[in-house]
Amino acid sequence: MGDMRNLLKMSMVAVFVGWMFIWVMISTNLFKNKWTPKMTKYFNTTYFGPQGINLVLLTVPMMFIAVLSCLYLHIQKKPTQTQSKSKIKGRMGRVMMVMNPLGIVTVTEFTFSLLFVALLTWALGNYLYLSYHVSLHNHDNAKIWQAKFRAFGLRIGYVGHYCWAFLFFPVTRASTILPLVGLTSESSIKYHIWLGHISNFLFLAHTVIFLIYWAMTNQLMETFAWNTTYVPNLAGTIAVVIGIVIWVTSFPYYRRKKFEIFFYTHHLYGLYIIFYMIHVGDSWFCMILPNMFLFFIDRYLRFLQSTKRSRLVSARILPSDNLELTFSKTPGLQYTPTSILFLHVPSISKLQWHPFTITSNSNLEKDTLSVVIRRQGTWTQKLYTHLSSSIDSLEVSTEGPYGPNSLDLRHDSLILVSGGSGVTPFISVIRELIFQAQNQSTKIPDVLLVCAFKYYHDLAFLDLIFPPDISVSDISRLNLRIEAYITQEDKKPEAAEDSRLLQTKWFKPQPLDSPISPVLGPNNILWLGVVILSSFVMFLLLIAIVTRYYIYPVDRNTGKIYNFSYRVLWDMFLGCVCIFISSSAVFLWRKKVNKEGDKESKKQVQSVDFHTPTSSPGSWFCSHDRELESVPYQSIVQATSVHFGSKPNLKKILFEAEGSEDVGVMVCGPRKMRHEVARICSSGLAKNLHFEAISFNW
């Protein structure tokens, strides 16, 4: 099995290096005037037309890697429970710098960013050399400097297209490419943001330069021209207008303060893609096809998963007015700590989906999955109001879970730093350690949880650390210490001042409810590979048939050139058809195969008696002389030191861990806190600190 994994890894690396080599060379004079004429007779056949070269050199290799990665991850994930033997590469190296607006940048990220910028600079330089010294297009009989100005604008657009070859990889939630380098969609959102800013800036420059050129040559009406045999300018104009709207509303102000505007305008990406592809044509479409093809497979499979109603078992309303929702799940659904789940509540919004941290552990809680929701913003406020009312059922759909492929907790000690609701991913980390502690031969690190809350009642989060049915023996090997800081209060409130108690609501099962399960059932990744392979092979066959027996005869028999826009529309249409057919077929087949298991799971959901915990988050607000009934909850209270009216001295806390050889440092909370911890870990003053940040800022 190890030999197979190594063979797959070497194959993927070799293909990827070759793919990147093509991207480096495609802008050169050597590629255009030496290699392209030779390859044309082999690849630009009557079956694929002018898109043949790009299809073979730039599309097929990445799709090949996508298929192999499914097999590689399937082999790597066995056994999925033994997370302690797996090591995540998600830290992406040592922190190099912390600065706005880039945030926390590691050495690896900085290196790859420099290489990518170098690729863009290299491409622009080569393209300009081709325009200025090899072949300067001047069909408008403009002045030489004007023709060069136009060429500069054209080549700027070419370089922006490079960004689109990678733009959708980070937002493919169930990606099989990102885990190969230890990334998840959540952790790599910032790469999508960076690429979006660069590409939109370049496309805007491309548009402005052409507008100036057309104004200088009295051709401003070219802005609205739609050429049937060449680039339709109007399509590009429409694409740029849509792109600017998406770009402007994606800035942090809209993402964090006016999320609905950001959310709805971002869904214009479908129109943006259509008009952009019509503008650039089928050959350039094939250059960026892999990341878009994989994205739309993922998007459609997520749609299929979201059509099912998930069984909501219970809701707990914490004294801090935050929520814990517990869902039923199939025992075969596995996920790693720090994973997230997307929720959709149609009674609140027909379109919006929101991600929330999973606090449960799939190894300890095989039949249930829990998420914690902080009440902030319009959507969560409405959800809180719904759950606080007298309803006995709630229609909820889910997507996910999504998270890292594995998590490395093999340290001498762990320091978990959190701010506010940032403590929730660490609940799943601690529960994973509880599970690993059941194996007596596994070394369990000492855990220090440093959490900062605004108010005392937020301590209710800490009572979620242990599962409801945990026993004393299960936590006997866990050495947990908690330092809690209450920043906005100087002392513990009187019981009369904080009389809010925990509320637990149980929901009746509905006929259409079903447990959360993998979208393609057991061996989800392997079946995803089947979808990718079958849909892409089908796409190649249909493109070959349409080109050979419909498009080629038009070009040959009528003496006319087949409509430029129709070519790429055929590509997009057939791609969507193949994704729809292949994904639906595999999904329905797996649904049929797993039908008996689903029936059994539904029966279990109907019959299982879910016990209310004997102690509750309200235990933090009991009087001092009242003894807690639950010994595990006593352990939480006894392990916690509460500090009022102060913030944690993170530098002192982290440097005090210098005695341990290997200290894992994880942080989740406000940006300022994450940056402060990153600066301390990257200062070099304590070389035993291994940093990892968890951020859910979309």
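Residues numbered from 1 in each chain as written. Predicted model: local features only at pLDDT ≥ 70, side-chain atom pairs only at ≥ 80, totals over all residues. Heavy atoms only, no water.

Participant: Got a minute to help me understand the packing of helix α5 (residues 144-164) against helix α11 (residues 282-306) in this structure?
Facilitator: The angle between the axes and the distance between the axes are what describe a pair of packed helices. In the contact formed by α5 and α11, the axes pass within 9 Å of each other and the chain directions differ by 25°. Viewed along their axes, α5 and α11 adopt a mutual orientation that is roughly parallel. Across from Tyr-158, His-161 and Trp-164 in α5, the residues of α11 making contact are Trp-284, Met-287, Ile-288 and Asn-291. For the contact of α5 with α11, the residue count by class is 5 nonpolar, 2 polar and no charged. (Axes fitted to C-alpha atoms, helices over the stretch in contact; angles between N-to-C directions. Helix = DSSP H or I, 4+ residues; strand = E, 2+ residues; numbered from the N terminus. Parallel < 35°, antiparallel > 145°, perpendicular 65-115°, else oblique. Contact = heavy atoms within 4.5 Å. Nonpolar A, V, L, I, M, F, W, Y, C, P; charged D, E, K, R; others polar.)

Participant: Hey, could you run me through the sheet that holds strand β11 (residues 446-453) in this one?
Facilitator: Pairing between the strands of a sheet is mediated by backbone hydrogen bonds and can be parallel or antiparallel. Taken in spatial order, the 6 strands make up an open sheet running β15-β12-β11-β10-β16-β17, and their pairing is parallel. Where the open sheet ends on each side, the last strands, each with one partner, are β15 (640-644) and β17 (689-693). Direction aside, the axes of adjacent strands within the sheet are offset by 15° on average. When strand β10 (residues 413-419) meets β11, the two strands line up parallel, connected through 7 bridges. Following the sheet pairing, Ile-415 is matched in β11 by Leu-448. Sheet contacts for helix α13 (residues 424-436): β10, β11, β12 (480-486) and β16 (663-668); angle to β10, the most-contacted strand, approximately 155°. Helix-sheet contacts for helix α19 (residues 671-682) involve β10, β11, β16 and β17, and the interaxial angle to β17 is about 155°. (Pairing = 2+ DSSP bridges.)

Participant: Hey, could you run me through the pattern of salt bridges in this one?
Facilitator: For side chains bearing opposite charge, pairing can occur when the charged atoms are close. The final tally for this structure, using the stated rule, is 10 salt bridges. Between Arg-309 and Asp-513 there is a salt bridge, with the nearest N and O atoms lying 3.3 Å from each other. Of this pair, Arg-309 sits in strand β3 (residues 309-310) while Asp-513 sits in strand β14 (residues 513-514), placing them 204 residues apart in sequence. As far as the burial class goes, Arg-309 and Asp-513 line up, both buried. (Salt bridge = Lys/Arg side-chain N within 4 Å of Asp/Glu carboxyl O. Buried < 20%, exposed > 50% of the residue type's maximum accessible area, 1.4 Å probe, protein only.)

Participant: Just checking my understanding: could you explain empty space enclosed by the protein for this structure?
Facilitator: A probe as big as a water molecule, rolled over the atoms, marks out the empty space that is left. In this structure the tally under the stated criterion is 9 cavities of 30 Å³ or more. Considering only enclosed or pocket space, the largest cavity measures out at about 80 Å³ in volume. For the largest cavity, the full set of lining residues is Phe-169, Thr-172, Ala-174, Ser-175, Thr-176, Ile-177, Leu-294, Ile-297, Asp-298, Leu-528 and Ile-532. Of all the secondary-structure elements, those providing two or more residues to the lining of the largest cavity are α11 and α14 (524-557). The element contributing the most residues to the lining of the largest cavity is α11, with 3 residues. (1 Å grid on protein atoms, 1.4 Å probe; cavity = no way out; pocket = protein on both sides within 12 Å on 5 of 7 lines; lining within 4 Å. Points joined across faces, edges and corners; volume = space filled by probe spheres on them.)

Participant: How should the pairing of β11 be read in this particular structure?
Facilitator: Within a regular strand, side chains alternate between the sheet's two faces. In terms of burial, β11 is largely enclosed, as 7 of its 8 residues are buried. The pairing of β11 with β12 spans 7 bridges and is parallel. Opposite Ala-452, over in β12, you have Tyr-485 as the bridge partner.

Participant: Would you explain the nonpolar core in this entry?
Facilitator: Side chains of nonpolar character tend, in soluble globular proteins, to be buried together. The biggest cluster of nonpolar side chains holds 88 residues, and the ones touching the most others in it are Trp-164, Tyr-276 and Met-277. In this view, Trp-164 contacts Ser-199, Phe-203, Tyr-272, Ile-273, Tyr-276, Met-277, Ile-288 and Asn-291; residues no more than four positions away in its chain are not counted. Counting 39 residues, the second largest nonpolar core, distinct from the first, contains Val-429, Ala-437, Cys-451 and Ile-482. (Core = buried A, V, L, I, M, F, W, Y, C linked by side-chain atoms within 4.5 Å.)

Participant: How should unusual backbone geometry be read in this particular structure?
Facilitator: Leaving glycine out, the prevailing phi sign among residues is negative, and the prevailing peptide bond configuration is trans. Cis geometry is found at the peptide bond from Gly-400 to Pro-401, where omega equals 5°. Even without a glycine there, the phi angle at Asn-141 is positive, about 55°. Backbone geometry places Thr-338, a non-glycine residue, at a positive phi of 75°. Mapped onto the elements, Thr-338 comes out in the loop between β5 (323-328) and β6 (340-344).

Participant: Even after reading the chapter, I still don't get the packing of helix α7 (residues 233-248) against helix α10 (residues 269-280), so can you show me in this structure?
Facilitator: The geometry of α7 relative to α10 is characterised by a closest axis approach of 8 Å and an angle of 150° between their N-to-C directions. Between α7 and α10, the angle falls in the class roughly antiparallel. Judged by the twist between their axes, the crossing of α7 over α10 is left-handed. In this structure, α7 contributes Asn-233, Ala-235, Gly-236, Ile-238, Ala-239, Ile-242, Gly-243 and Ile-246 to the contact, and α10 contributes Tyr-269, Leu-271, Tyr-272, Phe-275, Tyr-276, Ile-278 and His-279. Grouping the amino acids of the contact of α7 with α10 by side-chain chemistry returns 11 nonpolar, 4 polar and no charged. (Left-handed = near helix turned anticlockwise from the far one by under 90°.)

Participant: Even after reading the chapter, I still don't get α10, so can you show me in this structure?
Facilitator: Helical periodicity: at 3.6 residues per turn, an α-helix aligns residues three or four positions apart in one direction. Counted at 1.5 Å a residue, the expected span for α10 with its 12 residues is 16 Å, and the 16 Å between its end C-alpha atoms agrees. The complete set of buried residues in α10 reads Tyr-272, Ile-273, Tyr-276, Met-277, Ile-278, His-279 and Val-280. Contacts made by the buried residues of α10 are with α5, α6 (189-216), α7, α11 and α15 (564-593). (Expected span 1.5 Å × (residues − 1).)

Participant: Can you help me understand the packing of aromatic side chains in this one?
Facilitator: Aromatic rings considered in pairs are described by the distance between their centres and by the relative angle of their planes. Tallied over the entire structure, the rule returns 42 aromatic pairs. In this structure an aromatic cluster arises from ring pairing among Phe-16, Trp-19, Trp-23, Phe-116, Tyr-127, Tyr-158, Tyr-162, Phe-166 and Trp-284. One Lys or Arg, Lys-148, reaches over the ring of Tyr-132 and ends 5.4 Å from the middle of that ring. If you follow Arg-173 out to its NZ or CZ, it ends over the ring of Phe-342, 3.7 Å from the centre. (Phe/Tyr/Trp six-rings, centres within 6.5 Å; stacked < 30°, edge-to-face > 60°. Lys NZ or Arg CZ within 6 Å of the ring centre and 35° of its normal.)

Participant: Looking at this model, I keep getting lost on the confidence of the model for the protein chain. Mind explaining?
Facilitator: Regions with low pLDDT carry predicted coordinates that are not meant to be interpreted in detail. The pLDDT averaged across the protein chain works out to 84; a share of 88% of its residues lies at or above 70. Low pLDDT (under 50) marks residues 79-92, which in the prediction has 42 contacts with non-local residues, meaning those over four places away or in another chain. Overall, residues 607-617 carries pLDDT values under 50, and its contacts beyond four positions in sequence, including any with other chains, amount to 22 contacts. (pLDDT = per-residue confidence, 0-100.)

Participant: Looking at this model, I keep getting lost on the environment of Gly-182. Mind explaining?
Facilitator: Mapped onto the elements of the fold, Gly-182 is located in the loop between α5 and α6. Its relative accessible area of 13% is what places Gly-182 among the buried residues. Sequence spacing of Gly-182 and Pro-404 is 222 residues, and the spatial spacing of their C-alpha atoms is 7.3 Å.

Participant: Looking at this structure, I do not really get the environment of Leu-57. What am I missing?
Facilitator: Tracing the backbone through its elements, the reader meets Leu-57 in helix α3 (residues 52-76). The exposure class assigned to Leu-57 is buried, which follows from its relative accessible area of 16%. Put simply, Leu-57 and Phe-43 are 14 residues apart on the chain and 9.5 Å apart in space, counted from C-alpha to C-alpha. Sequence-distant contacts of Leu-57, defined by excluding residues within four places in its chain, comprise Trp-19, Ile-22, Phe-31, Met-39 and Phe-43.

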